[in-house]
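Working through the structure, step by step
Here are the chains, one letter per residue:
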Amino acid sequence: MFLLRFAAYTALALSVAEASNVLPLRPSLVSTGGISAGRLVPLRGGSAMKRALSHENLGAEVQGTDDTLEQRIYAKDDTDEHRSLWHDLPLFEVDIKTGKPTGFVNFVCEIPKYTRKKFEIATKEPMNPIKQDEKKGQLRSFKKGDIYFNYGCFPRTWEDPDYVHPDVGVGGDNDPLDVCEIGLRQIKTCQVRPVKVLGVLCMIDEGEADWKVIAIDKEDPWAEKLNDISDVEKLLPGTLDVVREWFRTYKVPDGKPENKFAFEEKFMDRAFCLQIMHETHRAWARLVKGSVEEEEAKKEDKPAARKFTMKRNLSVPALDAMKQVEGSLLEDEARLTEAMNKAAIG
């Protein structure tokens, strides 16, 4: 029964997948630049963070040629400015007309389902474009084969290597919080979709905690029926096993051992997942504030209290973003607190 259901699920997903896997450029967002005389076109975008950014006014700009180390995919807003998908985009979806949060979370897709090129947000580069990962000058793809779900991350989150979760015993992996979107539709690289959070799996990857949030697109046909991780087990049996086994073995073709998981390999529920989101969002805010402290200390020629960017080598917003970080933290914390309270009651 599971095989029949999974086959039907996969066939429907493939039928709605489009040919191109990169978010198409809207005419207003097309750049005439690119690689010119071996140089990238200049980036346009202020150093301040734009709190009103929405997936509805985002497009993409591809700089460079496919399958090259130089290619970058930048997010651009409807004013033709480049924006960071890590820092500028709110954690929670905001209604572009009312300016109020909808309750769904913004998911940034890096790797579309049924593909294998290992795209990721470049956390160490200005404006944090998406690029294909590389190792020793070679572009990386999953040797295991195509991934079975849309894979990406949540904006304004950071898995702090210095924070050791009491139930896990190891620090974070220095990246935004990973997300596995299990819906029917193939989401394109650099596309942002509002999703419903369902649960989380904790993978231990080379001594680091690498959380994998399970979510579903709010417009997916299954979204209305799935409200917690137990619903996925009940209504889509085998789906979570596929996700876990993917992460267990995807490095084996590279000659590495199987990955391990915390919590006896269990997927934790929505309430627990929201706590992890809360922790990683606060860690992101500390990261940005720490970088601001560094810049201020440099101006005053004195040591900073903590060295974040020098230690982590990450690209974060500049000084004039400080007030917006404070405001964003308060807004998203309120949304997270509300969601956690509802999850606890439910």
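This text goes with the structure placed above it.
Described below are features of the structure shown in this document.

Conventions adopted
- One numbering rule holds for all chains: residues counted from 1, following each sequence as written.
- The model is predicted, so local features are restricted to residues of pLDDT at least 70 and side-chain atom pairs to those at 80 or more, both for listing and for counting; the totals for chains, interfaces and linings are taken over all residues.
- Hydrogens and water molecules were not included; the side-chain quantities draw on all heavy atoms of the structure.
- Relative accessibility decides the category of a residue: with a 1.4 Å probe and only protein chains considered, values under 20% of the type maximum give buried, values over 50% give exposed, and everything between is partly exposed.
- Numbering goes from the N terminus for both helices and strands, where a helix is a DSSP run of H or I of at least four residues and a strand is a run of E of at least two.
- Two strands make a pair as long as DSSP finds a minimum of two bridges between them.
- To count as a disulfide, a pair of cysteine sulfur atoms needs to be within 2.5 Å.
- Residues belong to a common nonpolar core when they are buried Ala, Val, Leu, Ile, Met, Phe, Trp, Tyr or Cys residues joined through side-chain atoms within 4.5 Å.
- Note on definitions: a residue-residue contact is assigned when non-hydrogen atoms from the two residues lie within 4.5 Å.
- Here, a salt bridge means any Lys or Arg side-chain nitrogen found within 4 Å of an Asp or Glu carboxyl oxygen.
- Centre distance within 6.5 Å is the pairing criterion for rings of Phe, Tyr and Trp, where only the six-membered ring of Trp is used; planes under 30 degrees apart are then read as stacked, over 60 as edge-to-face, and the remainder as tilted.

1. Concerning the pairing of strand S4 (residues 72-77)
Side-chain direction in a regular strand flips from residue to residue, so the side chains alternate between the two faces of the sheet. Of all six residues making up S4, six are buried, and the element is well covered by its neighbours. Burial of the side chains of S4 extends over both faces: Arg72, Tyr74 and Lys76 are buried on one face and Ile73, Ala75 and Asp77 on the other. Pairing between strand S3 (residues 58-63) and S4: six bridges, direction antiparallel. Looking at S4, one finds that Val62 is bridged to Ile73. Here S4 runs beside strand S5 (residues 82-83); their pairing, made up of two bridges, is antiparallel. Within S5, the position partnered with Ala75 by the bridge is Arg83. The turn linking S4 back onto S5 is made up of four residues, and Asp80 within it adopts a positive phi angle of 70°.

2. A closer look at the state of the cysteines
Tallied over the full model, the rule gives zero disulfides. Free cysteine Cys190: the closest other cysteine sulfur is in Cys109, separated by 9.6 Å. Cys190 sits in the buried class, given a relative accessible area of 3%.

3. Points about the nonpolar core
Within the largest apolar cluster, 47 residues are counted, with the highest numbers of intra-cluster contacts made by Leu85, Val108, Ile130, Phe149, Ile214 and Phe247. By residue number, the principal contributor to this core is helix H4 (residues 270-299), which donates five residues. Not counting residues within four places of it along the chain, the set of residues in contact with Ile214 comprises Cys180, Ile182, Lys196, Val197, Leu198, Gly199, Val200, Ile229, Leu240, Val243 and Phe267. In this structure, Val105, Trp211, Val213 and Phe272 belong to the second largest nonpolar core, which totals 29 residues.

4. Some thoughts on the pattern of salt bridges
Under the criterion given, the structure shown has 26 salt bridges. Notably, a salt bridge pairs Lys76 with Glu61, separated by 3.2 Å at the nearest N-O pair. Of this pair, Lys76 sits in strand S4 while Glu61 sits in strand S3, placing them 15 residues apart in sequence. With respect to burial, Lys76 and Glu61 carry one shared label: buried.

5. Description of the packing of aromatic side chains
Within the structure shown, the criterion is met by eleven aromatic pairs. Ring geometry for Phe149 versus Tyr151: centroids 6.2 Å apart, planes at 75°, classification edge-to-face. The exposure class of Phe149 is buried, given its relative accessible area of 2%. Taking relative accessible area as the criterion, Tyr151 reaches 10% and is therefore assigned buried. Ring geometry for Tyr151 versus Phe247: centroids 5.6 Å apart, planes at 55°, classification tilted. On the criterion of sequence distance, the pair formed by Tyr151 in strand S12 (residues 150-153) and Phe247 in helix H3 (residues 239-249) is long-range, its members being 96 residues apart. Just as Tyr151 is buried, Phe247 falls in that class too. Taken together through their ring pairs, the aromatic side chains of Phe142, Tyr148, Phe149, Tyr151, Trp246, Phe247 and Tyr250 make up a single cluster.

Purely geometric stuff here, so don't read any function into it on its own.
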